[in-house]
Amino acid sequence: MPKLLAVLIPVALFVGSFTSARAEPTPSKAPARIEVRVTKKGFEPDNITVPARTPITLVFLRTTEATCTKSVVLALDGDKKIERELPLDKPVEIAVTFPRSGRLGYACSMNMTKGTIIVQ
Ligand SMILES: [Cu+2]
């Protein structure tokens, strides 16, 4: 009997986790949101890790007037880039999907204040 229980309990747990995961309102459909703030120290965080081939929403929020970082430039594969103005205290969303793993960067328009995106 203990042998049978040892088999049944893991099966019950597995089925239970499966059904509860299905019951949730499709949380995986919404793109992951990653917040990056511009503070006196620069970008915070200045290093983010994201999955490849997955829609991501980067949310940049500038919280200070004290630095040169009034916009952000995302350097993508090849020579492509996305540049956005960052108004003070207004979140700016950038929706992106990185096609392959690698290291990319974000920076102020003068490329002085920098951050790294690790796509894996
Ligand atoms: Cu700058």
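Per chain, residue numbering runs from 1 following the sequence as it is written. Where local features are concerned, this predicted model is filtered to residues with pLDDT of at least 70; where side-chain atom pairs are given and counted, the filter is 80 or more; whole-chain, interface and lining totals use all residues.

1. Let's talk about the confidence of the model for the protein
Here's step 1: Confidence along the protein averages 85 in pLDDT terms, with 77% of residues attaining 70 or more.
Here's step 2: For every residue, the predictor assigns a confidence score, pLDDT, that lies between 0 and 100. Here, residues touch in the contact sense if the C-beta positions derived from the backbone fall within 7 Å of one another. Segment residues 8-21: pLDDT under 50, and 0 contacts once partners within four positions in sequence are set aside and those in other chains are kept.

2. What about unusual backbone geometry?
Here's step 1: Following Glu-44, the chain continues into Pro-45 via a peptide bond in cis, with omega recorded as 0°.
Here's step 2: Runs of H or I in DSSP of at least four residues are treated as helices and runs of E of at least two as strands, each being numbered from the N terminus. Tracing the backbone through its elements, the reader meets Pro-45 in the loop between strand E2 (42-44) and strand E3 (47-50).
Here's step 3: Despite not being glycine, Asp-89 has its phi angle at roughly 60°, a positive value.
Here's step 4: Among the structural elements, Asp-89 can be located in the loop between strand E6 (81-85) and strand E7 (92-97).
Here's step 5: Residue burial is a threshold on neighbouring C-beta atoms within 10 Å of the residue's own C-beta, all placed from the backbone, with 20 or more meaning buried, 12 or fewer meaning exposed, and counts in between meaning partly exposed. Under the C-beta neighbour-count criterion, Asp-89 is labelled exposed, with 9 such atoms within 10 Å.

3. Here's the deal with the pairing of E7
Here's step 1: By the criterion of burial, E7 is predominantly exposed, with just 0 of the 6 residues buried.
Here's step 2: In this analysis, strands are considered paired if DSSP registers two or more bridges between them. The sheet contact formed by strand E4 (residues 55-62) and E7 spans 6 bridges and is antiparallel. Looking at the pairing, Val-59 lines up with Glu-93 of E7.

4. Let's talk about the nonpolar core
Here's step 1: Definition of nonpolar core: a set of buried Ala, Val, Leu, Ile, Met, Phe, Trp, Tyr and Cys residues joined via C-beta atoms within 7 Å. Counting 12 residues, the largest nonpolar core consists of Val-36, Val-38, Phe-43, Leu-58, Phe-60, Val-72, Phe-98, Tyr-106, Ala-107, Cys-108, Ile-117 and Val-119.
Here's step 2: Residues in contact with Ile-117, not counting those within four places in the same chain, are Ile-48, Val-50, Leu-104, Gly-105 and Tyr-106.

5. Looking at the pairing of strand E5 (residues 71-75)
Here's step 1: In terms of strand pairing, E5 meets E6 through 5 bridges, oriented antiparallel. Its bridge partner lying in E6, Val-73 is registered against Glu-83.
Here's step 2: Between E5 and E6, which follow one another and run antiparallel, lie 5 residues, and Gly-78 among them has a positive phi close to 70°.
Here's step 3: Here 3 bridges tie E5 to strand E8 (residues 102-107), and the two strands are oriented antiparallel to one another.

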